[in-house]
Amino acid sequence: MILAVALFALYGEKLAGRWRAVYVASAVAALWLNFFVAIVQSFNKFAYLKTFAPTGTEPPFAVTQGITLILFIVMGIAAVRRYHPVD
């Protein structure tokens, strides 16, 4: 659904006005979801990480996800401010 919004902003609205920010934000959100899944898989598959969070509810897992979310929010804000499509 998030990528559908990005595609609509890109092709349907041609990144006009606020659709530019919607496009960038939805693209960053989709990438964050991919990272979220990668972190979950890493904690499940790698024995070293699994010792820190065997069930996925322990603080090391939550801190890792929280730091990742904060970094993506900061990068998303920077991307919205800096992205200006070429006409």
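Placed above this text is the structure.
Right, let's walk through the structure included here.

Definitions and cut-offs
- Residues numbered from 1 in each chain as written.
- Predicted model: local features only at pLDDT ≥ 70, side-chain atom pairs only at ≥ 80, totals over all residues.
- Heavy atoms only, no water.
- Helix = DSSP H or I, 4+ residues; strand = E, 2+ residues; numbered from the N terminus.
- Buried < 20%, exposed > 50% of the residue type's maximum accessible area, 1.4 Å probe, protein only.
- Axes fitted to C-alpha atoms, helices over the stretch in contact; angles between N-to-C directions.
- Parallel < 35°, antiparallel > 145°, perpendicular 65-115°, else oblique.
- Left-handed = near helix turned anticlockwise from the far one by under 90°.
- Contact = heavy atoms within 4.5 Å.
- Nonpolar A, V, L, I, M, F, W, Y, C, P; charged D, E, K, R; others polar.
- Patch = residues over 30% accessible without salt bridge, like charges linked within 9 Å, V, L, I, M, F, W, Y side chains within 5 Å.
- Areas by Shrake-Rupley, 256 points an atom, 1.4 Å probe, with all protein chains shown as cover.
- Salt bridge = Lys/Arg side-chain N within 4 Å of Asp/Glu carboxyl O.

**As for unusual backbone geometry**
One can expect most non-glycine residues to show negative phi and most peptide bonds to be in trans.
Part 1 of the argument: Phi at Lys-14 is positive, roughly 55 degrees, even though this residue is not glycine.
Part 2 of the argument: Relative to the elements of secondary structure, Lys-14 occurs in the loop between α1 (2-12) and α2 (19-45).
Part 3 of the argument: Among the residues examined, Lys-14 registers a relative accessible area of 62% and is labelled exposed.
Part 4 of the argument: In this structure, Leu-15 takes a positive phi of about 55 degrees despite not being glycine.
Part 5 of the argument: Overall, Leu-15 belongs to the buried group, its relative accessible area being 11%.

**Remarks on the packing of α1 against α2**
Part 1 of the argument: Taken N-terminus to C-terminus, the directions of α1 and α2 make an angle of 150 degrees; their axes are 8 Å apart at the nearest point. As summarised for this structure, α1 and α2 are arranged roughly antiparallel, according to the angle between their axes. Where α1 crosses over α2, the handedness of that crossing is left-handed. Along its contact with α1, which presents Ile-2, Leu-3, Val-5, Ala-6, Phe-8, Ala-9 and Leu-10, the element α2 presents Trp-19, Val-22, Tyr-23, Ser-26, Ala-29, Ala-30 and Leu-33.

**Thoughts on the packing of α2 against helix α4 (residues 59-82)**
Part 1 of the argument: Remark: α2 packs on α4, axes separated minimally by 10 Å, with the N-to-C direction vectors making an angle of 160 degrees. Between α2 and α4, the angle falls in the class roughly antiparallel. Two packed elements cross with a definite hand, and for α2 against α4 that hand is right-handed. Mapping the contact onto sequence places Arg-20, Ala-21, Val-24, Ala-25, Val-28, Leu-31, Trp-32, Phe-35, Phe-36, Ile-39, Val-40 and Phe-43 in α2 and Pro-60, Phe-61, Thr-64, Gln-65, Thr-68, Leu-69, Phe-72, Gly-76, Ala-79 and Val-80 in α4.
Part 2 of the argument: Taken together, the residues of the contact of α2 with α4 break down into 17 nonpolar, four polar and one charged.

**With respect to a nonpolar patch on the surface**
Part 1 of the argument: A grouping of Val-63, Ile-67, Leu-71 and Met-75 is seen on the molecular surface, where their side chains present a nonpolar patch of about 380 Å² in accessible area.
Part 2 of the argument: Along the chain, Val-63 turns up in helix α4.
Part 3 of the argument: With a relative accessible area of 48%, Val-63 lands in the partly exposed category.

Remember, this is a structural readout, not a statement about activity or role.
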